[in-house]
Number of protein chains: 2
Amino acid sequence: MTTTITSFLEGYHELNAAVIDELSEQPSPLEFMRYVARNRPFVVRRVATDWQAYRRWDAAYLRQMMADEQVKVAVTPLGNADAVVEQSDGHLLFVEPYETYHLFNNFLNEIQRPIASREPLPVKYAQTQNDNLREEYARLLPDVPSDIPFARIALDQSADAVNLWLGDNRSVTSLHKDNYENIYVQIRGQKHFVLLAPADMPCVNEQMLRQGRYVPATSANGLEDVTNAFAIEISDSDERIPVATWDPDLPDERTTAYTHLAKPLRVTLNEGDMLYLPAMWYHKVSQTVGAEGFACAVNYWYDMDFSGYFWSSNALVRDMVEAERLTPKYPKLEMQIEQ
Amino acid sequence: MTTTITSFLEGYHELNAAVIDELSEQPSPLEFMRYVARNRPFVVRRVATDWQAYRRWDAAYLRQMMADEQVKVAVTPLGNADAVVEQSDGHLLFVEPYETYHLFNNFLNEIQRPIASREPLPVKYAQTQNDNLREEYARLLPDVPSDIPFARIALDQSADAVNLWLGDNRSVTSLHKDNYENIYVQIRGQKHFVLLAPADMPCVNEQMLRQGRYVPATSANGLEDVTNAFAIEISDSDERIPVATWDPDLPDERTTAYTHLAKPLRVTLNEGDMLYLPAMWYHKVSQTVGAEGFACAVNYWYDMDFSGYFWSSNALVRDMVEAERLTPKYPKLEMQIEQ
Ligand SMILES: O=C(O)CCC(=O)C(=O)O
Ligand SMILES: O=C(O)CCC(=O)C(=O)O
């Protein structure tokens, strides 16, 4: 099986250049559909510079619009929301962020404070991924297109979710994949994507992990601690979820027999740039704040197509890797010679 | 591995209905591209009824246009061009037809003769698949569109080949696949397609076969025999080619462990109907002559896209099936106890 998977990986990379196409303008729906058919990403530079969001979203405007709205904030000690955390006993856990509500004003203040002065404080990131731009940030929604026309027409559907991402340099979204076609647009600051094609699945060391959640250590008086002292609360449930445990920025740790065959693509989005991130592509995402000390992006998720060959063959690769993991490399031959 | 392949096949068929979409009109390039992306076939009924070919191609017109042109004809004893033939020793061979040239007029005469009166004679089929409509049948080319607009625009390329198929009820094209996107249009008579998705590859019992060719038995005087006495000339070369040996019309013969999971789709094209046959779909094709005793079709082959996930994962399934074939089911444990 090992050679079969190896040939697959090598074959895929031979036929697909390890570069991201850069388009000079937005694709037509048909051009977009060709990328969807090939499940390959592209970038369009400065395409959103005519969006109201691009023109208007400075700190003063955001404060004015969002004023005293309560927004949901993910809180972590190190910026690692939805991340693999190694426990002292060596076990890996998939740890979700602590979630709390802040007045938008206070949240933005915290984001904008220079990192040095905030170092011991926890990292906060607005990243709820639950269609938040049409919910809690609805006041900002008129500043972005309600849909990406080429995607809506090509995929014959409206966006399933429109999300706002607002944070500082310390927030990192660890390597994962989504079963969505994703149009990602940077508004302020930069986003740094590391991308891996779905074919690289055997390289990312997916493991079934138990889940946990960061909880702030409570101080003696029972109030939430304002320092970044966190405990991890392990879920009661025995349920485990598949998590990519390889980190392309620590390429020699948590490897599999295939990791060296992975071909990570790296791309940075600047203000106004758009990325098409095809369904099931692994992505690790970090960011650099803009002139006013925050990074902000908007993305559109469209349901992927589960029919056809792609989804099924993707599941096949996952099953193969899983089956191989369960097969002992050297069969134990135990012989008892009775006389 | 067996269960992995089984889950893949079952998963594919759960997510893809075993029916062929029927469109009420030609798709737009974008609509077509969605089918290409999903690698799923469709039929458009009576879409070619405004083609000159549909209006003009009766026997008299074809004779007048092609007059005394020489055309290449595939000749077989039973109508089985490019077919698997079992030899007396049980070995399977992939046998190509005998190829010869006829005056078009004589060829059409033979096709049109009532089958009964011709029974002992060999079966003839114009099926050269080498862009013949732009070559030997070039005089008929103005009667068909030089390209299929929705396909040309969607795939951003012209047809790689345009082929004419002309034969009678006895010709059958055995189950095979092509690495082309295929637009197939019936002009006279009917075509009966049995289709199998590329996911059904494990079901069709692909084997590496030696090649042969039908050659007419020569009579005592050295002239080609006019009866259907044929010998098979086995190729000198040791080269073997992969051939689907399962026949969906003899479902219980030459099966694999997966054949029962195949979901053959059947569709008949009538005069003026169009089929989109996606790349790598297996197809077995038979025909019924029209009012004037011949069946005639035209098809357009477009190069498929080898990038993206489809081709690579298709090769993976082939490699898995191959690897499984090479793995003995019950490991032979030979022990020698020496005393
Ligand atoms: O921007 C981020 O931090 C992560 C984005 C992401 O994971 C997504 O768009 O699916
Ligand atoms: O029409 C036939 O006999 C076979 C057609 C075929 O194999 C094709 O179009 O690829």
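What counts as what
- Residues numbered from 1 in each chain as written.
- Chains lettered and ligands numbered in written order.
- Predicted model: local features only at pLDDT ≥ 70, side-chain atom pairs only at ≥ 80, totals over all residues.
- Heavy atoms only, no water.
- Helix = DSSP H or I, 4+ residues; strand = E, 2+ residues; numbered from the N terminus.
- Buried < 20%, exposed > 50% of the residue type's maximum accessible area, 1.4 Å probe, protein only.
- Lys, Arg positive; Asp, Glu negative; His and termini not counted.
- Charge placed at Lys NZ, Arg CZ, Asp CG, Glu CD.
- Pairing = 2+ DSSP bridges.
- Axes fitted to C-alpha atoms, helices over the stretch in contact; angles between N-to-C directions.
- Contact = heavy atoms within 4.5 Å.
- Buried area = accessible area lost by both parts, 1.4 Å probe.
- Salt bridge = Lys/Arg side-chain N within 4 Å of Asp/Glu carboxyl O.
- Polar contact = N/O pair within 3.5 Å; in protein donor to acceptor, adjacent residues only side chain to side chain.
- Near = heavy atom within 4 Å.
- Nonpolar A, V, L, I, M, F, W, Y, C, P; charged D, E, K, R; others polar.
- Areas by Shrake-Rupley, 256 points an atom, 1.4 Å probe, with all protein chains shown as cover.
- Arc of directions from axis to C-beta.
- Parallel < 35°, antiparallel > 145°, perpendicular 65-115°, else oblique.
- 1 Å grid on protein atoms, 1.4 Å probe; cavity = no way out; pocket = protein on both sides within 12 Å on 5 of 7 lines; lining within 4 Å.
- Points joined across faces, edges and corners; volume = space filled by probe spheres on them.
- Core = buried A, V, L, I, M, F, W, Y, C linked by side-chain atoms within 4.5 Å.

(A) Expanded view of the overall build of chain A. A tally of helices and strands in chain A yields eight helices and 19 strands. With the C-alpha coordinates of chain A rotated into their principal frame, the extents come out at 90 × 60 × 30 Å. Expressed as a percentage of the 339 residues in chain A, the buried residues total 52%. Of the side-chain charges in chain A, 30 are positive and 49 negative, and the distance between the mean point of each set is 4 Å.

(B) Spotlight on the sheet that holds strand β17 (residues 274-277) of chain A. Residue and element names in this part refer to chain A. Ordered by their spatial adjacency, six strands build an open sheet running β1-β2-β17-β11-β19-β9, and the pairing between neighbours is mixed. Both edges of this open sheet fall to β1 (21-23) and β9 (161-167), since each of them pairs with a single strand only. Neighbour-to-neighbour, the strand axes of the sheet open up by a mean angle of 20°, direction not taken into account.

(C) Just the pairing of strand β19 (residues 295-303) of chain B, in detail. Residue and element names in this part refer to chain B. With eight of nine residues buried, β19 lies mostly within the body of the structure. Judged from the seven bridges that link them, strand β9 (residues 161-167) and β19 form a sheet pairing that is antiparallel. Considered in β19, the bridge of Val 162 is made with Tyr 300. Where strand β11 (residues 180-188) and β19 come together, eight bridges link them in antiparallel fashion. Looking at the pairing, Arg 188 lines up with Cys 296 of β19.

(D) Layout of helix α2 (residues 29-38) of chain A. Within the sequence span of α2(A), burial applies to A:Leu30, A:Phe32, A:Met33, A:Tyr35 and A:Val36. Phi turns positive, to about 55°, at A:Asn39, one or two residues after α2(A).

(E) Broad picture of the interface of chain A and chain B. Taken together, the 35 residues of chain A in the interface contact 35 residues of chain B. Here chain A and chain B share an interface that buries about 3100 Å² over both sides, 70% of which is from carbon and sulfur atoms. In terms of surface lost to chain B, no three residues of chain A exceed A:Leu30, A:Tyr309 and A:Leu316, which account for 23% of the buried area on that side. Here chain A is connected to chain B by two salt bridges. Joining chain A to chain B, the criterion identifies 13 residue pairs in polar contact (both at pLDDT 80 or more). Breaking the side of chain A that touches chain B down by element, the ones donating at least two residues are α1 (2-15), α2, α7 (149-155) and α8 (310-326) of chain A. Element by element, the count of residues in the side of chain A that touches chain B is highest for α8(A), at 10 residues.

(F) Geometry of the site of ligand 1. Residue and element names in this part refer to chain A. If you check the shell around ligand 1, you find Tyr 125, Trp 165, Thr 173, His 176, Asp 178, Asn 182, Tyr 184, Lys 191, His 283, Val 285, Asn 299 and Trp 301 and nothing else. One of the side-chain N or O atoms of Thr 173 is found 2.6 Å from an oxygen atom in ligand 1. A distance of 2.8 Å is found between an oxygen atom of ligand 1 and a side-chain nitrogen or oxygen belonging to Lys 191. For the shell around ligand 1, the secondary structure elements donating two or more residues are β10 (172-176), β11 (180-188), β18 (282-288) and β19 (295-303). Split into classes, the residues belonging to the shell around ligand 1 amount to five nonpolar, five polar and two charged.

(G) Broad picture of the site of ligand 2. Residue and element names in this part refer to chain B. The immediate surroundings of ligand 2 are formed by Tyr 125, Trp 165, Thr 173, His 176, Asp 178, Asn 182, Tyr 184, Lys 191, His 283, Val 285, Asn 299 and Trp 301. Thr 173 is positioned with one of its side-chain polar atoms (N or O) 2.6 Å from an oxygen atom of ligand 2. Asn 182 is positioned with one of its side-chain polar atoms (N or O) 2.9 Å from an oxygen atom of ligand 2. In isolation ligand 2 offers 300 Å² of accessible surface; the protein chains occlude 99% of this area. Those elements that provide at least two residues to the shell around ligand 2 are β10 (172-176), β11, β18 (282-288) and β19. Here the residues of the shell around ligand 2 sort into five nonpolar, five polar and two charged.

(H) The arrangement of unusual backbone geometry in detail. In this structure, A:Met280 takes a positive phi of about 70° despite not being glycine. Here A:Met280 shows up in the loop between β17 and β18. Taking the relative accessible area as the measure of exposure, A:Met280 reaches 6% and is therefore buried. Positioned with a positive phi, B:Gln129 is a non-glycine residue whose angle comes to about 55°. Note that B:Gln129 resides in the loop between β8 (123-125) and α7 (149-155).

(I) Molecular detail of helix α4 (residues 59-66) of chain B. Residues and elements named next belong to chain B. When we look at burial in α4, the residues that qualify are Ala 59, Tyr 61, Leu 62 and Met 66. Angular distribution of buried residues about the axis of α4 spans 165°; they occupy a single face of the element. Opposite the buried face of α4, at more than 90 degrees from it, the exposed residues are Ala 60 and Gln 64. Packed against the buried residues of α4 are α3 (52-56), β3 (70-76) and α5 (104-112).

(J) Focus on the packing of α4(B) against α5(B). All names here are of chain B. Where α4 contacts α5, the two axes come as close as 9 Å, and the packing angle between them is 160°. With respect to each other, α4 and α5 are oriented roughly antiparallel. Between α4 and α5, the contacting residues are Ala 59, Leu 62, Arg 63 and Met 66 on the first element and Phe 104, Asn 105, Leu 108, Asn 109 and Gln 112 on the second. Taken together, the residues of the contact of α4 with α5 break down into five nonpolar, three polar and one charged.

(K) Region of the structure containing the layout of surface pockets. Residue and element names in this part refer to chain B. There is about 1200 Å³ of room inside the largest pocket. Lining the largest pocket are 44 residues, and of these Leu 175, His 176, Pro 242, Val 243 and Ala 244 lie nearest its centre. Sorting the residues of the lining of the largest pocket by element identifies β5 (83-86), β6 (92-96), β10, β13 (206-216), β15 (240-244), β18 and α8 (310-326) as the ones contributing at least two each. Taken together, the residues of the lining of the largest pocket sort by class into 20 nonpolar, 11 polar and 13 charged.

(L) Representation of the nonpolar core. In terms of nonpolar packing, the biggest core is built from 110 residues, with A:Trp57, A:Ile183, B:Trp57 and B:Ile183 touching the most fellow members. In this view, A:Ile183 contacts A:Phe32, A:Ile148, A:Phe150, A:Ala151, A:Met274, A:Leu275, A:Tyr276, A:Val298, A:Asn299, A:Tyr300 and A:Tyr302; residues no more than four positions away in its chain are not counted. With 82 residues, the next largest nonpolar core counts A:Leu196, A:Leu277, A:Met280 and B:Met280 among its residues.

(M) Inspection of the pattern of salt bridges at higher detail. With the rule as written, the count across this model stands at 32 salt bridges over all chains. Here A:Glu110 makes a salt bridge to A:Lys124, at a shortest N to O gap of 3.0 Å. Of this pair, A:Glu110 sits in helix α5 (residues 104-112) while A:Lys124 sits in strand β8 (residues 123-125), placing them 14 residues apart in sequence. Taking relative accessible area as the criterion, A:Glu110 reaches 15% and is therefore assigned buried. Close ionic contact of B:Arg134 with B:Asp131 constitutes a salt bridge, the shortest N to O distance being 2.9 Å. For B:Arg134, a relative accessible area of 29% gives the class partly exposed. Because the salt bridges share partners, they merge into one network encompassing A:Asp247, A:Asp249, A:Arg266 and A:Lys284.

All quantities given are derived from atomic positions and should not be read as evidence of function.
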